[in-house]
Amino acid sequence: MRPFIHGKRNSIHIIDLKETVKGLLRASHYLKETVAEGGKILFVGTKRSAREAVRAVAQRTGMPYVTERWLGGMLTNFRTIRSRLDRLKELDDLEASGAVAAMSKKLQARHHLEKSKILKNLEGVRNLTDLPAALVVVDPGHEHIAVSEANKTGTPCVALLDTDCDPDLVDIAIPGNDDAIRSVQLVMSRLGDAVDAGLKGWQARAAELEKLETD
């Protein structure tokens, strides 16, 4: 993290804000281009200071997210994760068909318990049908399993990280305070704007292709 540190005061490292802006611009450009090509961005932040901001930006942009707990194998064993999501759809279909309402109270309780367990950890990725094009992580030290799986699967990783993290483990580093709620909200909001811009580009491109096909 030495290149990102401006100085030291009372044994506390001070991050160079110029490097923060530089990382944020690089990350924004990359995410915009990736989404404009149709890629999905998986937002990850399970720390208490990051959950709300990560969930908010993911829901605003319609992107998948993980805010409760990273399940081992989320990327490296995606087939198993997908099978759990397929099971979730089966449970939803049972409710929609009225089959659950016709069950005994004991079976209904079992049904709702199974569904709640799946939703707790996988609700944010229920519409993820394939590996994401990239990860956005708050504190790669805390989310080391997610970062490790991203590296193993060749999934690019953008991260907001503090001075206690190793920037070499991620592809684009945004040096900054990853513990302060306001800091996380600000960075996530800017990255969300980049994703929104990419979505508009993707929609425009899709509309052009559709027009060409109908002409």
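Position numbers for residues start from 1 in each chain and track the written sequence from start to end. In view of the model being predicted, local features appear only for residues whose pLDDT reaches at least 70, and side-chain atom pairs are presented and counted only at 80 or more, with totals across whole chains, interfaces and linings using the full set of residues. As a rule here, side-chain values come from all non-hydrogen atoms in the structure, and water together with hydrogens is ignored.

J.: Residue-level account of the overall build of the protein, with values.
T.: Helical segments are the DSSP runs of H or I of at least four residues, strand segments are the runs of E of at least two, and each set is numbered from the N terminus. Of the regular secondary structure elements, the protein holds 6 helices and 7 strands. Buried means the residue's accessible area, taken with a 1.4 Å probe over protein chains only, is under 20% of the maximum for its type, while exposed means over 50%, and partly exposed covers the values in between. Considering the protein as a whole, with its 215 residues, one finds that 44% of them fall into the buried category. Long-range pairs, those at least 24 residues apart, make up 60% of the contacts in the protein with a sequence separation of at least 6. Here the open area of atoms and residues is found with the Shrake-Rupley method and a 1.4 Å probe, where only the protein chains shown may cover a residue. With an accessible surface of roughly 12300 Å², the protein has 51% of that area assigned to carbon and sulfur atoms. Lys and Arg are tallied as positive, Asp and Glu as negative. Neither His nor the chain termini are counted. The atom standing in for a charge is NZ when the residue is Lys, CZ when it is Arg, CG when it is Asp and CD when it is Glu. Averaging the positions of the 32 positive and the 30 negative side-chain charges in the protein gives two centres separated by 6 Å. Contacts are residue-level and defined by heavy atoms, with any inter-residue pair within 4.5 Å sufficient.

J.: A description of the pattern of salt bridges should follow, citing residues and the corresponding values.
T.: Salt bridge, as used here: a side-chain nitrogen of Lys or Arg that lies within 4 Å of a carboxyl oxygen of Asp or Glu. Scanning the entire structure with this criterion turns up 16 salt bridges. One salt bridge in this structure joins Arg55 and Glu68, with 3.6 Å as the shortest N-O distance. Of this pair, Arg55 sits in helix α2 (residues 51-61) while Glu68 sits in the loop between β4 (65-66) and α3 (78-97); the two residues are 13 residues apart in sequence, bridging distant segments of the chain. With a closest N to O distance of 3.4 Å, Asp193 and Arg60 form a salt bridge. Separated by 133 residues along the polypeptide, Asp193 in helix α6 (residues 181-214) and Arg60 in helix α2 bring together distant segments of the chain. When salt bridges with common partners are traced through the structure, they connect Lys47, Asp139, Asp178 and Asp179 into a single cluster.

J.: Help me get a handle on helix α4 (residues 105-122), residues and values and all.
T.: Each turn of an α-helix holds 3.6 residues, which means side chains three or four residues apart point in the same direction. Expected helix span is taken as 1.5 Å per residue step, with the number of steps being one fewer than the number of residues. In a regular helix each residue adds 1.5 Å, so 18 residues correspond to 26 Å; α4 covers 25 Å between its end C-alpha atoms and thus fits that length. Lining the buried residues of α4 we find α3.

J.: Just give me the short version of the packing of α3 against α4, but keep the residues and values in it.
T.: Think of each axis as a best-fit line through the C-alpha atoms, taken over the contacting stretch in the case of a helix, with angles from 0 to 180 degrees between the N-to-C directions. Interaxial distance between α3 and α4 falls to 10 Å at its minimum, and their mutual angle equals 135°. The angle between the axes of α3 and α4 places the two elements in the oblique class. Judged by the sense of rotation from one axis to the other, the crossing of α3 with α4 is left-handed. Of the residues in α4, those touching α3 at Ile81, Arg84, Leu85, Arg87, Leu88, Leu91, Asp92, Leu94 and Glu95 are His111, His112, Glu114, Lys115, Ile118, Leu119 and Leu122. When residues are grouped by polarity, Ala, Val, Leu, Ile, Met, Phe, Trp, Tyr, Cys and Pro land in nonpolar, Asp, Glu, Lys and Arg in charged, and all others, Gly among them, in polar. When its residues are assigned to classes, the contact of α3 with α4 shows 8 nonpolar, 2 polar and 6 charged. Angles are sorted into four bins: roughly parallel if under 35 degrees, roughly antiparallel if over 145, roughly perpendicular if 65 to 115, and oblique for all others. By the definition used in this description, the sense in which the near helix is turned from the far one sets the handedness, with an anticlockwise turn below a right angle giving left-handed and a clockwise turn giving right-handed.

J.: Could you give me a rundown of the nonpolar core, with the residues and numbers involved?
T.: Only buried residues count toward a nonpolar core, which is a set of Ala, Val, Leu, Ile, Met, Phe, Trp, Tyr and Cys residues joined through side-chain atoms within 4.5 Å. Ranked by size, the top nonpolar core spans 28 residues in total, and within it Leu42, Val44, Trp70, Met74, Leu122, Val125 and Leu135 carry the most contacts. For this core, the secondary-structure elements that each account for two or more residues are β3 (41-44), α3, α4, β5 (134-138), α5 (144-153) and β6 (157-161). Considering each element in turn, this core owes the most residues, 5 residues, to α3. Here Val44 is in contact with Val54, Val66, Trp70, Leu135, Val136, Val137, Val138, Glu143 and Ala146, once residues within four sequence places are set aside. Within the second largest apolar cluster, 26 residues are counted, among which are Leu24, Leu31, Ala58 and Val187.

From the geometry alone we can't say anything about function, so treat these as descriptive.
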